[in-house]
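# Structure at a glance
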Amino acid sequence: MSKRKFQLLFRRSRREERKRLMSTKETSSSHDIEFTERESGIFDIVRDATKCSSKKIVARVAGGWVRDKILGRPSDDIDIAVDSMSGFEFATLLDEYLKKKPENKKGSSKVTRIKANPDQSKHLETATMKIMGRDIDFVHLRTEEYTDSSRIPIIKVGTAREDAYRRDLTINALFYNINEDVVEDFTGKGLEDLREGTIRTPLEPLMTFLDDPLRVLRSLRFMHRYDFEMTKETRDACMNKSVHVALRDKVSPERVGIEMKKMLRGPNALTAMRHVFELNLHRVVFKFPKSSENVVGIDDDDMVDKRIWNRSLRNIDRLVELRGTISTILSDVDFCTLGHSLPQT
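The text that follows walks through the structure, step by step, so that each part is easy to find. (Residues numbered from 1 in each chain as written. Predicted model: local features only at pLDDT ≥ 70, side-chain atom pairs only at ≥ 80, totals over all residues. Heavy atoms only, no water.)

### Observations concerning the overall build of the protein
For clarity, the cut-off: Only DSSP runs of H or I covering at least 4 residues are called helices, and only runs of E covering at least 2 are called strands; the numbering of each starts at the N terminus. The rule is simple: take the accessible area with a 1.4 Å probe, protein chains only, and divide by the maximum for that residue type; under 20% is buried, over 50% is exposed, in between is partly exposed. Here the accessible surface of atoms and residues is derived via Shrake-Rupley with a 1.4 Å probe, and residues count as covered only by protein chains that are part of the display.
Across its full length, the protein carries 16 helices and 12 strands. For the protein, with 345 residues in total, the buried portion stands at 49%. Counting every atom, the protein has about 17700 Å² of accessible surface; 48% of that belongs to carbon and sulfur.

In structure tokens:
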């Protein structure tokens, strides 16, 4: 079979798998999220503004805010996704509503329009504004389609279900429906995975990681941030050589470096670094010696890797003991960018 034919068959199988998994029944539930006074005020404003529109609008808070609030953690990262207009159109509608309600206008700002820019992977128009002193981003629900050569997707307007399934992890695919005051779990797994402490992808993990290999590192970061466990299927996909090749070829060193620094600044950083090695990601993330000449008496490259890796972890461990936390160390030292050698002394 030719390489081109294989790519077409694989791409078709990915589309069929998406359709099969997206037939999962939606789970909507009441919630025990504790809103701050400001959050309640913001959602009241958004809810009232949707009722003033001639067009039916459903506004949802997406992603990380929902995850963290369900876990009882504070979050300032409110992204509102709407289903029947662009983020800019909805922000403009909100601005007009606030002008008619001067008692709610305090702490609000004009709408900033962020135009679509395909060259910067921004395929849909978005907007940002302050409401009650809080910066809020407004986006349209969307779906994504990937090519074989790039992790930058082609983005199109989508449904809430499609938006949920495009995300990296089930725990990041939850919505808070502002109109109905419910949490929506379109994958049928997100709430359960939060309760059980599970890291898994909405779609088949190998497909998910091949589409965007940076998700491998994000999965590790969230796993250690919340002290969750990865499913065996997800772990196996992380170790897949095709994923490692895609991570090397499709993701820039700068993006890998940013993700690794976030991982090191989080809790359980040393354990996270050990998992990087156990999943065989170290050769892609860090630059190791090309031969065993750097380590006297060892002829096997895997032994070289293990020797240097263990020594580097011991060095980091000692630095933590001397300085307190890895976050403090990283404020002074920037060594975690792809292509930079690991410490060897």
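### Some remarks on the packing of helix 9 (residues 214-225) against helix 13 (residues 269-278)
Selection rule: In this analysis, axes come from line fits to C-alpha atoms, helices being fitted only over the stretch in contact, and the angle between any two N-to-C directions falls in the range 0 to 180 degrees. In this scheme, a crossing is called left-handed if the near helix is turned counterclockwise away from the far one by less than a right angle; it is called right-handed if the turn is clockwise. Should any heavy atoms of two residues lie within 4.5 Å, those residues are counted as being in contact. Charged means Asp, Glu, Lys or Arg here, nonpolar means Ala, Val, Leu, Ile, Met, Phe, Trp, Tyr, Cys or Pro, and polar covers whatever is left, Gly included.
Contact geometry for helix 9 and helix 13: axes closest at 10 Å, N-to-C directions at 145°. The crossing of helix 9 and helix 13 is right-handed. On helix 13, the residues touching Leu-220, Met-223 and His-224 of helix 9 are Thr-271, Ala-272, His-275 and Val-276. When grouped by side-chain class, the residues that make up the contact of helix 9 with helix 13 number 4 nonpolar, 3 polar and no charged.

### Points about the side chain of Thr-208
Examined against the element boundaries, Thr-208 turns out to sit in helix 8 (residues 205-211). Residue classification places Thr-208 among the buried residues on the basis of a relative accessible area of 4%. Once residues lying within four places of it in the same chain are set aside, the contact partners of Thr-208 are Asp-168, Thr-201, Leu-203 and Arg-215.

### Thoughts on the packing of aromatic side chains
Going by this rule: Stacked, tilted and edge-to-face pairs are distinguished by plane angle, under 30 degrees for stacked and over 60 for edge-to-face with tilted covering the rest, among Phe, Tyr and Trp rings (Trp via its six-membered ring) whose centres lie within 6.5 Å.
A full pass over the atoms with the stated rule returns 10 aromatic pairs. Ring centres of Phe-222 and Tyr-226 lie 6.3 Å apart, and the angle between their planes is 5°; on these two criteria the pair is classed as stacked. Each member of the pair Phe-222 and Tyr-226 is classed as buried. Between Tyr-226 and Phe-228, the ring centres sit 5.6 Å apart and the planes meet at 40°, which makes this aromatic pair tilted. In this structure, Tyr-226 and Phe-228 share a single accessibility class: buried. Every member of this aromatic cluster is reached through a ring pair, and the members are Phe-35, Phe-43, Trp-65 and Tyr-176.

### Concerning the pattern of salt bridges
When charged atoms on two side chains of opposite charge get close, those side chains can pair. For clarity, the cut-off: By definition, a salt bridge exists where a carboxyl oxygen of Asp or Glu is found within 4 Å of a side-chain nitrogen of Lys or Arg.
One pass over the structure, following the stated rule, counts 16 salt bridges. Close ionic contact of Lys-130 with Asp-135 constitutes a salt bridge, the shortest N to O distance being 3.2 Å. Owing to a relative accessible area of 46%, Asp-135 belongs among the partly exposed residues under this scheme. Across the pair Asp-163 and Arg-167 runs a salt bridge, and its minimum N-O distance is 2.8 Å. Like Asp-163, the residue Arg-167 is buried in the burial classification.

### Concerning the nonpolar core
Which entries qualify depends on this criterion: To define a nonpolar core, start from buried Ala, Val, Leu, Ile, Met, Phe, Trp, Tyr and Cys residues and group those joined through side-chain atoms within 4.5 Å.
Residues Val-61, Ile-80, Phe-90, Leu-94, Phe-138, Met-260 and Leu-281 are the most contacted members of the largest nonpolar core, which totals 67 residues. Not counting the four nearest positions on each side in its chain, Phe-138 is found in contact with Ile-80, Gly-87, Phe-90, Ala-91, Leu-94, Thr-126, Ala-127, Met-129 and Ile-131. Ala-62, Val-139, Leu-141 and Ala-160 belong to the second-largest nonpolar core, a separate cluster that totals 9 residues.

### Describing helix 2 (residues 37-51)
Note: α-helices contain 3.6 residues per turn, so residues at a spacing of three or four share the same orientation. Quick reminder of the rule: By definition here, a helix of n residues has an expected span of 1.5 Å times n minus one.
A rise of 1.5 Å per residue sets the reference length of helix 2, with its 15 residues, at 21 Å; its end C-alpha atoms lie 22 Å apart and thus fit the reference within 8%. For helix 2, every residue scored as buried is listed here: Glu-39, Gly-41, Ile-42, Phe-43, Ile-45, Val-46, Arg-47, Ala-49 and Thr-50.

### A look at the packing of helix 2 against helix 4 (residues 87-100)
What counts, and what does not: Oblique is the label for every angle not falling under 35 degrees (roughly parallel), over 145 degrees (roughly antiparallel), or within 65 to 115 degrees (roughly perpendicular).
For the pair helix 2 and helix 4, the least separation of the axes is 10 Å and the interaxial angle reads 100°. With respect to helix 4, the axis of helix 2 lies roughly perpendicular. Contacts between helix 2 and helix 4 involve Ile-45, Val-46, Asp-48, Ala-49 and Thr-50 on the former and, on the latter, Phe-90, Leu-93, Leu-94, Tyr-97 and Leu-98. Among the residues forming the contact of helix 2 with helix 4, the class breakdown is 8 nonpolar, 1 polar and 1 charged.

### Side note on unusual backbone geometry
Positive phi outside glycine occurs at Asn-268, with the angle close to 60°. Position of Asn-268 relative to the elements: it lies in the loop between helix 12 (253-265) and helix 13. Unlike most non-glycine residues, Asn-280 shows phi in positive territory, near 60°. With respect to the helices and strands, Asn-280 occurs in the loop between helix 13 and helix 14 (282-285). Judged by its relative accessible area of 39%, Asn-280 falls in the partly exposed class.

### What to know about helix 13
For helix 13, the tally of buried residues reaches 7 of 10 residues, placing the bulk of the element in the interior. Turning to helix 13, its buried residues are Ala-269, Leu-270, Ala-272, Met-273, His-275, Val-276 and Phe-277.

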